[in-house]
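Breakdown of the fold
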Amino acid sequence: PALADDERARLVRALMTARRDVGIASRAGDTAALADARARLAALDPEIVRTQVAVTEIPAPTGDEGERGAWVARRFRALGLADVRVDVVGNVVARRPGVARAEPRARRDGDDPQAPVVVCAHLDTVFPRDVPCTVRRVGRRLVAPGIGDN
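Residue positions are counted from 1 within each chain, in the order its sequence is given. Note on the predicted model: pLDDT of at least 70 is required for a residue's local features to be given, and 80 or more for side-chain atom pairs to be given and counted; whole-chain, interface and lining totals, by contrast, use all residues. With hydrogens and water set aside, each side-chain value is computed from the structure's full complement of heavy atoms.

1. A look at the nonpolar core
- Residues belong to one nonpolar core when they are buried, are Ala, Val, Leu, Ile, Met, Phe, Trp, Tyr or Cys, and are joined through side-chain atoms within 4.5 Å. Partly exposed describes any residue whose relative accessible area lies between the buried limit of under 20% and the exposed limit of over 50%, with all areas from a 1.4 Å probe on protein chains only and scaled to the type maximum. In terms of nonpolar packing, the biggest core is built from eight residues, these being Val55, Ile58, Trp71, Val72, Ala73, Val84, Val92 and Leu123.
- Labels follow the DSSP assignment, with helices taken as runs of H or I lasting at least four residues and strands as runs of E lasting at least two, numbered in each case from the N terminus. Among the elements that line this core, the one with the most residues is helix α2 (residues 66–78), at three residues.
- Contact definition: two residues touch when any of their heavy atoms are within 4.5 Å. Setting aside anything within four residues of it in sequence, one finds Ala73 in contact with Val84, Val86 and Val92.
- Counting residues in hydrophobic clusters, the runner-up holds five residues, among them Val49, Val53, Ala144 and Ile147.

Spelled out as structure tokens, the structure:
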């Protein structure tokens with residue numbers, strides 16, 4: 001059944017309050033639990049930006065991502081990832097072995113403690129090979145075709 005306007009407004013307010021309260025609790029937990037990780041990332045920011053620029057400046061039109069894929073595979077190997085390979089369609093696949101936890105974490109029904117974490121992204125851009133992909137800085141922003149999208 002459809003909600004009356006006042007019911008809809010109350011529901012929206014309740015949801016917004018709940019989201020705000022969860023966000024506040026989450027940020028408080030983040031601050032303590034993730035402070036070290038955030039500090040490490042901040043320290044690595046110049047290297048992360050250099051890497052982003054380097055990969056962005058390799059042309060990778062759809063269907064012609066081989067050069068960028070080869071660069072990513074080399075980078076994965078340099079970072080010590082295991083079993084790095086490029087499959088027949090050009091996907092770059094690698095593995096980073098995990099470590100066992102000293103204390104088991106709380107499990108939910110159906111949760112598999114051995115389940116992998118998968119990270120994936122696309123290599124291609126929609127730009128033809130002849131589109132210049134040199135990265136330039138505009139203030140604090142990095143600007144180039146394909147430097148950031150979905």
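2. Re a nonpolar patch on the surface
- Only residues whose relative accessible area exceeds 30% and that form no salt bridge are eligible for patches; like-charged ones are grouped when within 9 Å, while nonpolar side chains (Val, Leu, Ile, Met, Phe, Trp, Tyr) are grouped when within 5 Å. In these tables, accessible area is a Shrake-Rupley quantity obtained with a 1.4 Å probe, and a residue counts as shielded only by the protein chains included in the view. Any carboxyl oxygen of Asp or Glu that lies within 4 Å of a side-chain nitrogen of Lys or Arg is treated as forming a salt bridge with it. Among the surface-exposed residues, Leu41, Leu44 and Ile48 lie close enough to one another that they form a single nonpolar patch of about 280 Å² accessible area.
- Residue placement: Leu41 occurs in helix α1 (residues 5–56).
- When its relative accessible area of 52% is taken as the criterion, Leu41 is described as exposed.

3. Overview of the pattern of salt bridges
- A complete count under the given rule lists six salt bridges for this structure.
- Of the charged contacts in the structure, one is a salt bridge between Arg50 and Glu47, with a shortest N-O distance of 2.9 Å. Remark: Glu47 and Arg50 occur in helix α1; sequence separation between them is three residues, near one turn of the helix.
- Of the charged contacts, one joins Arg75 and Glu47 as a salt bridge, the two residues approaching to 3.6 Å between their closest N and O atoms. Of this pair, Arg75 sits in helix α2 while Glu47 sits in helix α1; the two residues are 28 residues apart in sequence, bridging distant segments of the chain.
- Residue classification places Arg75 among the partly exposed residues on the basis of a relative accessible area of 26%.

4. Focus: the pairing of strand β2 (residues 92–95)
- When strand β1 (residues 82–86) meets β2, the two strands line up antiparallel, connected through three bridges. Among the inter-strand pairings, Val86 is bridged to a residue of β2, identified as Val92.
- Strands pair, by our definition, only if DSSP identifies at least two bridges between them. Hairpin remark: β1 followed by β2, antiparallel, with five residues in the connecting loop; positive phi at Gly90, about 100 degrees.

5. A short note on the side chain of Thr125
- Along the chain, the position of Thr125 falls in the loop between β2 and β3 (136–138).
- The exposure class assigned to Thr125 is buried, which follows from its relative accessible area of 10%.
- Among all residues touching Thr125, those that are not within four sequence positions of it are Ala60, Pro61, Thr62, Arg68 and Gly146.

6. What to know about unusual backbone geometry
- Residues other than glycine seldom take positive phi values, yet Asp83 does so here, at roughly 50 degrees.
- Within the secondary structure, Asp83 is located in strand β1.

7. Here's the deal with the environment of Pro61
- Here Pro61 shows up in the loop between α1 and α2.
- With relative accessibility at 11%, the residue Pro61 sits in the buried group.
- Along the chain, Pro61 and Arg129 lie 68 residues apart, while their C-alpha atoms are 5.9 Å from each other.
- Not counting residues within four places of it along the chain, the set of residues in contact with Pro61 comprises Asp124, Thr125, Phe127, Pro128 and Arg129.

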